[in-house]
Amino acid sequence: MRAVAPIKSAKLISIIISICFVAFGTVLLCLPDLSVRIIGIALGTLTAMFGCAKLAGYFSKDLFRLAYRYDLQLGIAAVVTGILIAVFPDRALIAVCVIFGTVLLIDGLFRSSTAIEAKKFGIRPWSAILVSAIATCTIGILLIIFPADGVQAGAIVLGIAMITEGVSNLITVLTTVKIIKHQQPDTIDAEYEICD
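Residues numbered from 1 in each chain as written. Predicted model: local features only at pLDDT ≥ 70, side-chain atom pairs only at ≥ 80, totals over all residues. Heavy atoms only, no water.

Focus on the pattern of salt bridges
Selection rule: Take a side-chain nitrogen of Lys or Arg and a carboxyl oxygen of Asp or Glu: if they are within 4 Å of each other, that pair is a salt bridge. Runs of H or I in DSSP of at least four residues are treated as helices and runs of E of at least two as strands, each being numbered from the N terminus. Buried residues are those whose accessible area, probed at 1.4 Å on protein chains only, stays under 20% of the maximum for their type, while exposed residues exceed 50% and partly exposed ones sit between those limits.
Applying the stated criterion across every chain yields a total of 5 salt bridges. One salt bridge connects Asp71 with Lys54, and the closest N-O pair in it is separated by 3.6 Å. Of this pair, Asp71 sits in helix α3 (residues 71-87) while Lys54 sits in helix α2 (residues 36-60), and the two are 17 residues apart along the sequence. The exposure classification of Asp71 matches that of Lys54, with both residues buried. With its nearest N and O atoms 3.1 Å apart, the salt bridge here joins Glu165 to Arg111. Of the two residues, Glu165 sits in helix α6 (residues 151-176) while Arg111 sits in helix α4 (residues 93-121), which places them 54 residues apart along the sequence. Here the residues in one salt-bridge network are Lys54, Asp71, Asp107, Arg111 and Glu165, joined through shared partners.

Describing α4
What counts is decided by this rule: For a helix, the expected span equals 1.5 Å multiplied by the residue count minus one.
With 29 residues, α4 ought to run about 42 Å at 1.5 Å a step, and its terminal C-alpha atoms sit 41 Å apart, in line with that. Gly122 lies just past α4 and shows a positive phi near 80°.

Quick look at the packing of α2 against α6
Here is the rule we go by: Axis definition: a line fitted to C-alpha atoms, limited for helices to the stretch in contact. Angles are taken between N-to-C directions and run from 0 to 180 degrees. Orientation categories follow fixed angle ranges, with anything under 35 degrees roughly parallel, anything over 145 roughly antiparallel, 65 to 115 roughly perpendicular, and all other angles oblique. Less than a right angle of anticlockwise turn of the near helix away from the far helix marks a crossing as left-handed, whereas a clockwise turn marks it as right-handed. Pairs of residues are marked as contacts when any of their non-hydrogen atoms sit within 4.5 Å. Think of it as three bins: nonpolar holds Ala, Val, Leu, Ile, Met, Phe, Trp, Tyr, Cys and Pro, charged holds Asp, Glu, Lys and Arg, and polar takes everything else, Gly as well.
Between α2 and α6, the least distance of the axes is 12 Å, while the angle of their chain directions is 20°. Between α2 and α6, the angle falls in the class roughly parallel. The chirality of how α2 crosses α6 is left-handed. Here Val36, Ile39, Leu43, Leu46, Phe50 and Lys54 of α2 come into contact with α6, specifically with Val151, Ala155, Leu158, Met162, Glu165 and Asn169. Residue composition of the contact of α2 with α6, by class: 9 nonpolar, 1 polar and 2 charged.

Here's the deal with the packing of α2 against α3
For the pair α2 and α3, interaxial distance at closest approach is 7 Å and the crossing angle is 160°. Regarding the angle of α2 to α3, the classification is roughly antiparallel. Considering only the axes of α2 and α3, their crossing is left-handed. Taken together, the residues of the contact of α2 with α3 break down into 15 nonpolar, 7 polar and 2 charged.

Written out as structure tokens, the structure is:
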């Protein structure tokens, strides 16, 4: 039997990071006058953690291979992006918006593929995954094309983006990551004897 601990851990990490995204997005909406440094460090840290969650999910080999199927490259990109944002938090908020918007756009595109695959598997909430993917892509595009100029506007836009991404990730993980205790391994380990 396949061990389910890696997929349970990956699912839990993804849920926690998604809730953190929603929570910090809400903080940005309620307190848009936070300093650029605080916003950058928090956003960078959460983005790097999001990337780690993506990588953990990719290597966990969940049953349907839907939620984390495209997450190797996205996980690496998110970790690198998060580190850069956290290390250089005082850079222009416009650059942070554009970089984070690009990560959201790519994640939304991959998530739309996940929705199509979920439909093929007969997972009923596939349409919710697709709607959340479209919302993530839209927010990502808006961040890239119209990055906020002022700190308050930037905080509000980033807050909305983080809430959208967190909710989208929660929907995907909760509906597509299935944990079955008696799941068979991908390969069959057996020894064969050749008889003459």
